[in-house]
Amino acid sequence: MLNIQDIVFYILAAIVLFAGLRVITARNPVHAALYLVLAFFTAAGIWMLLEAEFLAIALVLVYVGAVMVLFLFVVMMLDINLDKLREGFWDYAPLAGFVGILMAAEMAMVLGSKHFGPERVPAPPVHSADYSNTAELGRLLYTDYVYPFELAAVVLLVAIVAAIALTMRRRKDSKYIDPAQQVRVKRNDRLKIVSMPAEKESVETPAESQGEQA
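Looking at an unreviewed UniProt entry, the protein chain carries the name NADH-quinone oxidoreductase subunit J, with the source organism given as Novimethylophilus kurashikiensis. Taken verbatim from the UniProt record of the protein chain, the Sequence similarities (unreviewed entry) comment is "Belongs to the complex I subunit 6 family." Recorded under Catalytic activity (unreviewed entry), the UniProt text for the protein chain is reproduced unchanged: "a quinone + NADH + 5 H(+)(in) = a quinol + NAD(+) + 4 H(+)(out)".

(A) Quick peek at a nonpolar patch on the surface. A cluster of nonpolar side chains, L2, I4, I7, V8, F9, Y10, I11, I15 and L38, forms an exposed patch at the surface whose accessible area comes to about 800 Å². Residue contributions to the nonpolar patch peak at seven residues, all from helix α1 (residues 4-25). Along the polypeptide, F9 turns up in helix α1. The class of F9 is partly exposed, set by a relative accessible area of 36%.

(B) Structural detail: the packing of aromatic side chains. Across all of its chains, the model carries four aromatic pairs by this definition. Plain terms: the ring middles of F9 and Y10 are 5.6 Å apart, the flat faces sit at 65 degrees to each other, and that makes the pair edge-to-face. Judged by centre distance (6.0 Å) and plane angle (85 degrees), the ring pair of F18 and Y35 falls under edge-to-face. One end of the pair, F18, is in helix α1; the other, Y35, is in helix α2 (residues 29-49), with 17 residues separating them in the sequence.

The rules behind the values
Residue positions are given per chain, counted from 1 along the sequence in the order it is written. With the structure being a predicted model, the display of local features is reserved for residues of pLDDT at least 70 and the display and counting of side-chain atom pairs for 80 or more, all residues being used for whole-chain, interface and lining totals. Computation of side-chain values: all heavy atoms of the structure, hydrogens and water removed. UniProt positions are given in the numbering used here, feature names are shortened, and annotations may be inferred rather than shown by experiment. Like-charged residues are merged into a patch within 9 Å and nonpolar side chains (Val, Leu, Ile, Met, Phe, Trp, Tyr) within 5 Å, provided each residue has over 30% relative accessible area and no salt bridge. Each accessible area value is a Shrake-Rupley result obtained with a 1.4 Å probe; residue values ignore everything except the protein chains displayed when judging cover. Any carboxyl oxygen of Asp or Glu that lies within 4 Å of a side-chain nitrogen of Lys or Arg is treated as forming a salt bridge with it. Per the convention used, a helix needs a DSSP run of H or I reaching at least four residues, while a strand needs a run of E reaching at least two, with both numbered from the N terminus. Here's how the labels work: a residue is buried when its accessible area is under 20% of the maximum for its type, exposed when over 50%, partly exposed in between, all with a 1.4 Å probe on protein chains only. Two aromatic rings, drawn from Phe, Tyr or Trp (for Trp, its six-membered ring), form a pair once their centres lie within 6.5 Å of each other, and the interplanar angle then sorts them: stacked below 30 degrees, edge-to-face above 60, tilted otherwise.

Pasting the structure below:
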């Protein structure tokens, strides 16, 4: 008989599947992004059921609070021509269907009862009341997996440097700024004082203007 935790899991899993399907079938890009936000929130709920509180909070804060907000701003600010995007959709539909069926078959083979049956999955250990999943994750991350963690940080740093280098490269249609030249700039390079002779305008008095008219 299913308990309340199993019922909640199946409800959240159904919502995730529905939201993921709507992400790729929604005609409006803004609606697709909002469905993706729903999928992230529901996945965070599944992480909470698995007692992975840190991953659930990180999913909400990083993806929903930062990445998806950026996506929404970009989608709403860009003038996207939906008709042009839909051109050639049915030409790639057979290949996309074949790849989708192949991926579904691979997932069924991996997640089948042959590899992950009830007798192969151990029961989760019972933790004490003061157990902290976040503290345990941090301990493993900075002890047993410290070298892969540092390697991932270096890879992200290289990606950031490469993105900045591609953005700041010298192109004909972009303005290039050399920080070294900005630091070496002096006052005489930016400010030039020009001496100009003073010009005095003649101001006519009312008496003179009346005399001229007479």
